[in-house]
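# Topology and contacts: notes
For reference, the chains in residue letters:
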Amino acid sequence: MAGLLVVRVHLDWTTPGHYDRDRSLPCRVCATATKMRDSRGQACHQSCAEHEIARELLGAGQALIADERVPSPAQLAHGRLATEGSPQ
């Protein structure tokens, strides 16, 4: 079965803690100078952080899709479990 998994992440960085007006530092992801800071205080563009989280979520989602123990939507709709036919 082929499928498309789309992950979009939008972070709310409107609080003052996500911006350092006094100092630009290299982004921890792309190394371009930024005044933005992540939740740990490290220099990071918001878009870089969003893409990083999306990649992690996409990888986790693809792993679940590939895991045959996870029931497909069709199996769930028909009341079949992934363990059907195996000893309980």
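Residues numbered from 1 in each chain as written. Predicted model: local features only at pLDDT ≥ 70, side-chain atom pairs only at ≥ 80, totals over all residues. Heavy atoms only, no water.

Looking only at helices and strands, the protein features two helices and two strands. Buried positions account for 19% of the 88 residues belonging to the protein. When the accessible surface of the protein is totalled, it reaches about 6900 Å², and 56% of it is carbon and sulfur. (Helix = DSSP H or I, 4+ residues; strand = E, 2+ residues; numbered from the N terminus. Buried < 20%, exposed > 50% of the residue type's maximum accessible area, 1.4 Å probe, protein only. Areas by Shrake-Rupley, 256 points an atom, 1.4 Å probe, with all protein chains shown as cover.)

With that out of the way, let us pick up the side chain of D20. Within the fold, D20 resides in the segment before β1 (25–26). At 3.3 Å, the side chain of D20 forms a polar contact with the side chain of R37. Once residues within four sequence positions are removed from consideration, D20 is found in contact with K35 and R37. (Polar contact = N/O pair within 3.5 Å; in protein donor to acceptor, adjacent residues only side chain to side chain. Contact = heavy atoms within 4.5 Å.)

Here we take up the pattern of salt bridges. Tallied over the entire structure, the rule returns five salt bridges. Where D38 meets R40, a salt bridge forms, and the shortest distance between an N and an O atom there is 3.7 Å. The exposure class assigned to D38 is buried, which follows from its relative accessible area of 5%. Given the relative accessible area of 61%, R40 is considered exposed. (Salt bridge = Lys/Arg side-chain N within 4 Å of Asp/Glu carboxyl O.)

Before going further, it helps to spend a moment on the environment of L57. Residue placement: L57 occurs in helix α1 (residues 46–66). Residues L57 and V9 lie 48 residues apart in sequence; the distance between their C-alpha atoms is 9.3 Å. Ignoring anything within four residues of it in the chain, the contact list for L57 reads V7 and V9.

Mapped onto the fold, L11 is located in the segment before β1. Remark: the alpha-carbon pair of L11 and A49, spanning 38 residues in sequence, is separated by 8.2 Å. Ignoring anything within four residues of it in the chain, the contact list for L11 reads Q46, A49, E50 and I53.

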